[in-house]
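Close look at the chain arrangement
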Amino acid sequence: MYRRVCLAAAVAAILCVVAAPCFADVSLALDSAAGTAPALFSDGVVLQRDTNVPVWGTASPGENVSVTVAGQTKTVAAGGDGRWRVLLDPMTAGGPYEMTVSGNNTIKLEDVLVGDVWICAGQSNMVIRRPDQNELAPFPFIHTMGRGGNWKERPSAMAFVFGRDLQAELGVPIGLINRAAGGTSMRSWLPLSAENDPDPTVQAILATWDGWGDEYQHQVQPLAGFAIRGIVYWQGEQDLKLARQDPGNIDHFYHLLPALARAWRADWQIGQIPFVFVQLPTGGGLQLDQVVTPLPPSPPSPDIAMRMRQATFNGLSEPGTALMVSIDIPGSVHPRDHDLYGYRLATAALGTTYGESFAYSGPIYASMSIESGGHVRLKFKPNTADALQAVGGPLQGFSISADGQNFVWAQAEIQANEVVVWNDSIPSPSVVHYAWDKYPTWANLFNGAGLGTAPFSTTETPAP
């Protein structure tokens, strides 16, 4: 009899392995195709306020699972594959709460907050200079999940300042999912679903690549579907480096940044998740306290760095996106002024995602119209071009062309919140450039808040 019982137990154990998944208890562990799965639902988790919040996990097939938090309980039976998912009702900001997940066993999560959750992704500037615990201690309502996969980690300096300034303005808990890796290129962060992107150029690029999307697959894919408020994305320095070896990489970035936003949104399946992009590369433009330099004899030839700025600008072709303008901030590949960069990221989010009305950015080009006499009127995005001013002298930094290839300097005039440019030798203009160089310390258009204008070409027409 004893042998038969042991044999039956052994067979059951073998069948459980062979016929996976086989679950004995309710679990909140996430599956991960590669790497270590993050403990997304764990102590310190921040749940997104004012929306339905999914919570999911595994259990024995058919097992009843209940989730209780902030005064509500949701119950569901695990499916035949052992997976279960509940959808919490919208909650207002608050906490800390206790979350209880019960099935055949019970899991209790402590220090659960309800607030706004942002993913901070990209490469090294979203990883480095992490604040120490003494710096983090005064901010108990900012929780971070980093590469270690739990909610009690240290964010990057940029991510921390972004979250700190958001919390100061909004007064709600902030969750930062800090998923970034130094030296990574755009191809590392594309979901596999990008191969079905509607842009045929994107499909053609990806068809020539092997092994792309590894960072997304390891760091982001397990989180897809978790309720979030938005995504801050700072990446491109590695692509700029690659472009110096192969200029065609700029064209890749130009198409792939909008595709990345589309693919992440497709994986999340919760609508137009806001994206805030950092215009690259950092620094190189006129700072407010500098003396404006004279214009070169003729407009400079296109530069790789300038083309990368424009490629980043093309991210605005997708709706629900914002640009953090960095041209007028001192910087390098790894800028030291993380307070100012983090502040600019937060203000870009506040002025777009949260709809606050203030000068959240330097002027960002929106559209152009051609008027009589070969004059071109330039318009800028709302809340970026109030009280335009020319710093240090007459307005300059604009070039104009009839064919988009040969440019001459343009005269420029501020008219309310718009700029009109022209050159009498170009009666039929088609393209205008602004700050079209690696170090355009001669481009001096700022707004009343003292923020510099994002370099641009009118060949791009960002989404409204």
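Structure's up top.
Heads up: these notes are all about the structure in this document. (Residues numbered from 1 in each chain as written. Predicted model: local features only at pLDDT ≥ 70, side-chain atom pairs only at ≥ 80, totals over all residues. Heavy atoms only, no water.)

**Digging into the overall build of the protein chain**
Quick reminder of the rule: The numbering of helices and of strands both runs from the N terminus, where a helix is a DSSP run of H or I of at least 4 residues and a strand a run of E of at least 2. The buried label applies to any residue whose accessible area, calculated with a 1.4 Å probe on protein chains only, is under 20% of its type's maximum; exposed applies above 50%, and partly exposed to all values in between. In this analysis, two residues are considered to be in contact whenever any of their non-hydrogen atoms come within 4.5 Å of each other. All accessible-area figures derive from a Shrake-Rupley calculation using a 1.4 Å probe, and residue coverage is judged against the displayed protein chains alone. None of His or the chain ends enter the tally, which takes Lys and Arg as positive and Asp and Glu as negative. By convention, the point assigned to a charge is CZ for Arg, NZ for Lys, CD for Glu and CG for Asp.
Regarding its fold elements, the protein chain presents 9 helices and 22 strands. Based on the C-alpha atoms only, the size of the protein chain along its principal axes is roughly 100 × 50 × 35 Å. Residues classed as buried in the protein chain amount to 54% of the 464 residues present. Nonlocal contacts in the protein chain, meaning residues at least 24 apart in sequence, comprise 74% of its contacts between residues at least 6 apart. Surface exposure of the protein chain reaches about 18900 Å², of which carbon and sulfur atoms provide 52%. Charged side chains of the protein chain number 28 positive and 42 negative; the gap between the two group centres comes to 6 Å.

**Quick look at the sheet that holds strand β22 (residues 456-457)**
Worth spelling out the cut-off: Pairing between strands requires that DSSP locate at least two bridges from one strand to the other.
Reading across from one edge, β17-β16-β20-β22 is the order of the 4 strands in this open sheet, with antiparallel pairing throughout. Strand pairing shows two members of the sheet lacking a second neighbour, β17 (407-409) and β22, which therefore form its edges. The pairing of strand β16 (residues 398-401) with β17 spans 3 bridges and is antiparallel. From the neighbouring strand, S401 faces β17, where its bridge partner is F407.

**Some points on the pairing of strand β10 (residues 230-234)**
With 5 of 5 residues buried, β10 is to be regarded as a mostly interior element. Sheet analysis places strand β7 (residues 106-122) next to β10, joined by 5 bridges and oriented parallel. If you follow I119 over to β10, its bridge partner there is I231. With 3 bridges connecting them, β10 and strand β11 (residues 275-278) associate as parallel partners. Among the inter-strand pairings, Y233 is bridged to a residue of β11, identified as F277.

**Digging into the side chain of R179**
Applicable threshold: Within this document, salt bridges are pairs made up of a side-chain nitrogen of Lys or Arg and a carboxyl oxygen of Asp or Glu, the two lying within 4 Å of each other. Under this definition, polar contacts are N or O atom pairs within 3.5 Å; protein pairs additionally need one hydrogen-donor-capable and one acceptor-capable atom, and for neighbouring residues in sequence, both atoms have to be side-chain atoms.
Note that R179 resides in strand β9 (residues 174-180). The charged side chain of R179 is buried without a salt bridge, its nearest counter-charge being E153 at 5.7 Å. Engagement of the side chain of R179 in a polar contact is seen with the backbone oxygen of Q219, the distance being 2.8 Å.

**Points about the packing of aromatic side chains**
For any pair of aromatic rings, the description rests on two quantities: the centre-to-centre distance and the angle between the ring planes. Where we set the bar: In this analysis, rings of Phe, Tyr and Trp, with Trp reduced to its six-membered ring, are considered paired at centre separations within 6.5 Å, and the interplanar angle assigns stacked below 30 degrees, edge-to-face beyond 60, and tilted for intermediate values.
Within the structure shown, the criterion is met by 17 aromatic pairs. Seen from their ring centres, F41 and W56 are 5.0 Å apart, and the 85° between their planes marks the pair as edge-to-face. Linking F41 in the loop between α1 (2-18) and β1 (46-48) with W56 in strand β2 (residues 53-58), this pair joins segments that are 15 residues apart in sequence. Neither F41 nor W56 differs from the other in exposure class; each is buried. On the numbers, 6.3 Å between centres and 80° between planes, the contact of Y233 with W264 is edge-to-face. With Y233 in strand β10 and W264 in helix α7 (residues 248-268), the pair connects residues that are 31 residues apart, well separated along the chain. A residue is classified by how much of its surface remains accessible, and W264, at 0% relative accessible area, is buried. One aromatic cluster is present, built from ring pairs that chain together Y216, Y233, W264, W268, F275 and F277.

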